[in-house]
Amino acid sequence: MPTGSPPARRSSIALVLVAAVLALVFAGAGPASAHAGLSGSDPAEASVLQTEPKHVTLTFTESVSLSDESLRVLSPNNERVNPRPAQHADGKQNTARVELSDKLPQGTYTVAWRVVSADGHPISGAFVFSVGKTSGTVAVAATGSPDDTAAGRLYGIFRYVAYTGLALLVGAAAFVLVCWPAAAAVRPVRRLLAVGWLALVASTVALLLLRGPYETGGQVASAFDPEHLGRTVSGRPGAALLARLALLAVAALLLKRRAVRIERHDDGSPAEADARSRLTWAGLALALACTWAAAEHASAGIQVPLAVPVAVLHLVAMGVWLGGLLTLVLLLRRRGNDQEVPASAVGRFSTLAFAAVAVLVGTGVYQSWRQVGSWEALWTTSYGKTLVVKIAAVVLVLCAAAFSRRWTARLVNATPPAGETLPLPERERVPALHMVGAPAAPAATDPGATPEGPGRGGDGDDTAPPGPRADGHRRALRRTVTLEAVLGVVVLAITTLLTGTQPSRAAAETVTVASAEEPQAKVVTVPFDMGKAGRRGSVQITLAPGRVGENTVEAVVYTADAGLATVPELRLTLTQEELGIGPLDARLKNQKGYWAAYDLQLPMPGVWTLNITVRTTDIDQVTVHETVRITSPRRP
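Being a predicted model, the structure only gives us computed values, none of them experimental.

Side note on the overall build of the chain
Moving on, step 1. On a plain count of helices and strands, the chain comes out with 12 helices and 17 strands.
Moving on, step 2. Out of the 636 residues in the chain, the part that is buried amounts to 51%.
Moving on, step 3. Of the contacts made within the chain by residues no fewer than 6 positions apart, 73% connect residues no fewer than 24 positions apart.
Moving on, step 4. Accessible area of the chain: about 29,100 Å², with a carbon and sulfur share of 59%.

Put into structure tokens, the structure is as follows:
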């Protein structure tokens, strides 16, 4: 009996594994250069207008959807000055415009925005502009991540549950229909199908309810708000979730019909896994995957007609591989049962998993080009850094799979040829497993045996009784397969995280477009309070151009009622804590009404901390801090 694959087969398997690593390294769950970004605004950020504007218009890199609170313009006193909600400007879906009130007073205004990009993810931000002159402002706009809310965190959790349910439902059904029809009567497999279906239903309902507060940044309690629900079901993500629930109702009917036939003991013939049943479930799996692809990353960006079917195939292949692997783990770990999983079923799953990995390879190559864009993006973007973590997890999965295949070969070699007599008290089926994504290793079967023996699903006793060492090999195989499944779940979790992260190509496109209208200065206003009457106010710092290199610094001190204040001393130092640079003294000089420096050199981009010391009397002074992002110099 051969102990392993011949050299030619080993070479082909090695090539397939290398291709799988390359594909899985670059492949995420959502194949698109997605997430919109703000590409311009009118008025521009940090601009000072001589006349009051009639509108505020934002332009994004892709189409966005708006709500009543998508765009707010706040006065220096934190009063809203746009009486009506935002609309698309001139019918352009990548814009948002609000009308402003008449007779705006002079001062600095804050624009806070939150919209939903075409891929279904909310994005937000804020900037300031001034009318007549700059001033202090008490307006506060949220600057954190749009997902950093209770509703956003819950939405991310249920998104992972939905992916898990899809994998369990699709993978277990594929194993039953393609690999071992008799597994439909095995209680752990039936439970796995039920758990997958229930997880998918529960998560879909939760996502449907949480969609409203997730988009608007509202409270979790507003999930049952009829207005939010109405907006959700009228949009593309809500319609996709409703379609998913309808498809799951069809899946429930199919599962119920099979359960009834099992109870009647008429499910064991090969006819139950005929072409019609397989086509029905294949169509159902593809349709379920469409509810993700049609409403998330694949639905936005370039080449949408190609990206959507690629995303569908990628999701289905993921479900077949991971869900089928978990099904096989359950069957291999069953103890004290007369009916073990036959080696022929394991061989069929190996072939099925190989096809699934081949699909992952094909779709992954396309995804890598559409999402990442460059090797540099792997370590310069959040998406790329998360992808590096996925690289390590995928490598561990393949290592575990390699050990599984080694124990499979030893287990098969430990099984004597059919017909050999062994001093064993009873016959026992030998569970065998091949590495996921690799061809099946040669099985020790009777050359003269028919492909389908008597029994359930055509899988009879197609292996000879185990040899004396088979039990030890089986235990080792169970451990490695379980480890492989656990690591597969970790990969799924990382993949889910990637669906909520802006792809590297999109981040680069946003920076490129936004740089054309980058503000010519960075303005920050920092309040201070010395704890005494008449010792409150704010300091406005203007850095121009706010990029690496030489900058001009101007600082104005205001009283608590927004009037100009004169102070005997004002000091400013800057530090870059991440790189350990500074403090750099700006050496401000009194210019009779404001303080300024015209030769401040900033050597590196990134977030810099402003340390501002204000002295109002000989003995009263206070130091306050604020951060500002310094960008790289423009390329010619």
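What to know about the packing of helix 4 (residues 226-234) against helix 5 (residues 236-263)
Moving on, step 1. One way to put it is that helix 4 packs onto helix 5 with a least axis distance of 4 Å and a crossing angle of 80°. Classified by the angle between their axes, helix 4 and helix 5 sit roughly perpendicular to one another. The segment helix 4 lies against helix 5, with Thr232, Val233 and Ser234 engaging Arg236, Gly238, Ala239 and Leu242.

A short note on unusual backbone geometry
Moving on, step 1. Here the residue pair Asp42 and Pro43 is connected by a cis peptide bond, since its omega of 5° sits within 30 degrees of zero.
Moving on, step 2. As for its position among the elements, Pro43 is in the loop between strand 1 (38-42) and strand 2 (48-49).
Moving on, step 3. The amide bond that connects Ala544 to the next residue, Pro545, takes the cis arrangement and shows omega of 5°.
Moving on, step 4. Looking at the secondary structure, you find Pro545 in the loop between strand 10 (536-544) and strand 11 (549-559).
Moving on, step 5. Within the chain, Asn78 stands out as a residue other than glycine whose phi angle is a positive 65°.
Moving on, step 6. Tracing the backbone through its elements, the reader meets Asn78 in the loop between strand 5 (71-74) and strand 6 (95-99).

Considering the pairing of strand 15 (residues 595-602)
Moving on, step 1. Two strands pair when backbone bridges link them, and strand 11 and strand 15 are joined in this way by 6 bridges, in the antiparallel orientation. Across the sheet, Asn551 pairs through a bridge with Leu600, a residue of strand 15.
Moving on, step 2. Two strands pair when backbone bridges link them, and strand 14 (residues 589-590) and strand 15 are joined in this way by 2 bridges, in the antiparallel orientation. When the bridges of strand 15 are listed, Asn590 appears paired with Trp595.
Moving on, step 3. As consecutive antiparallel partners, strand 14 and strand 15 are separated by 4 residues, and within that stretch Lys592 has a phi angle of approximately 60°, a positive value.

Thoughts on the pattern of salt bridges
Moving on, step 1. Taken as a whole and assessed by the stated rule, the structure comprises 6 salt bridges.
Moving on, step 2. Among the salt bridges present, the one from Arg80 reaches Glu69, with a minimum N-O distance of 3.0 Å. Pair noted here: Arg80 is in the loop between strand 5 and strand 6 and Glu69 is in the loop between strand 4 (64-65) and strand 5, with a separation of 11 residues, a long-range link.
Moving on, step 3. A relative accessible area of 36% places Arg80 in the partly exposed class.
Moving on, step 4. Among the residues examined, Glu69 registers a relative accessible area of 46% and is labelled partly exposed.
Moving on, step 5. A salt bridge links Arg211 to Glu215; the nearest nitrogen and oxygen atoms lie 2.8 Å apart. One end of the pair is Arg211 and the other is Glu215, both in helix 3 (residues 187-216) and 4 residues apart, which spans about a single turn.
Moving on, step 6. Linked through salt bridges whose partners overlap, the residues forming this network are Glu569, Arg571 and Arg615.

Quick word on the side chain of Ser222
Moving on, step 1. Along the chain, Ser222 falls in the loop between helix 3 and helix 4.
Moving on, step 2. Judged by its relative accessible area of 16%, Ser222 is buried.
Moving on, step 3. Among the polar contacts listed, one links the side chain of Ser222 to the backbone oxygen of Gln219, at a separation of 2.5 Å.

So, the packing of aromatic side chains
Moving on, step 1. For the structure on display, the rule yields 5 aromatic pairs.
Moving on, step 2. Their ring planes at 25° and their centres at 5.6 Å tell us that Tyr163 and Trp292 sit as a pair that is stacked. In this pair, Tyr163 is assigned in helix 2 (residues 150-179) and Trp292 in helix 6 (residues 275-293), connecting sequence segments 129 residues apart. For the pair shown, Tyr163 and Trp292 are each scored as buried.
Moving on, step 3. Taking the ring centre of Trp292 as reference, the NZ or CZ of Arg244 above it sits at 3.6 Å.

Some words on the sheet that holds strand 17 (residues 621-630)
Moving on, step 1. Pairing is antiparallel across the open sheet formed by 4 strands, whose spatial order is 13-12-16-17. Here the strands that pair on one side only, and so sit at the sheet edges, are strand 13 (581-585) and strand 17. If you compare each strand with its neighbour and ignore which way they point, the axes differ by 20° on average.
Moving on, step 2. Of the strand pairs in this sheet, strand 12 (residues 569-576) and strand 13 are connected by 3 bridges, and their pairing is antiparallel. Residue Gln576 lies in a different strand from strand 13, and its bridge partner there is Ile581.

What counts as what
- Every chain is numbered on its own, with residues counted from 1 as its sequence reads.
- Reporting in this predicted model follows two pLDDT cut-offs: at least 70 for local features of residues, and 80 or more for side-chain atom pairs to be given and counted; totals over whole chains, interfaces and linings ignore these cut-offs and use all residues.
- Only heavy atoms go into the side-chain values, all of them from the structure, while hydrogens and water stay out.
- A run of DSSP states H or I qualifies as a helix once it reaches four residues; a run of E qualifies as a strand once it reaches two. Both are numbered from the N-terminal end.
- To sort residues, take the accessible area from a 1.4 Å probe on protein chains only and compare it with the maximum for the residue type: under 20% means buried, over 50% means exposed, and anything in between is partly exposed.
- Throughout, a contact is declared for two residues whenever any of their heavy atoms are within 4.5 Å.
- Note on areas: these come from Shrake-Rupley sampling with a 1.4 Å probe, and a residue is covered only by the protein chains present in the view.
- To obtain an axis, a line is fitted to C-alpha atoms, over the contacting stretch when the element is a helix, and the angle between two such axes runs from 0 to 180 degrees between their N-to-C directions.
- Here is the rule for angles: anything less than 35 degrees is roughly parallel, anything more than 145 is roughly antiparallel, 65 through 115 is roughly perpendicular, and the remaining ranges are oblique.
- Strand pairing is assigned whenever DSSP identifies at least 2 bridges connecting the two strands.
- Take a side-chain nitrogen of Lys or Arg and a carboxyl oxygen of Asp or Glu: if they are within 4 Å of each other, that pair is a salt bridge.
- Polar contact is the term for a pair of N or O atoms within 3.5 Å; when the atoms are in protein, one must be able to donate a hydrogen and the other to accept it, and sequence-neighboring residues count only if both atoms are side-chain atoms.
- Any two of the Phe, Tyr and Trp rings considered here, Trp counted by its six-membered ring, make a pair once their centres fall within 6.5 Å; the pair's planes then place it as stacked at under 30 degrees, edge-to-face at over 60, or tilted in between.
- Cation placement over rings: the criterion is NZ of Lys or CZ of Arg within 6 Å of the ring centroid and within 35° of the ring normal.

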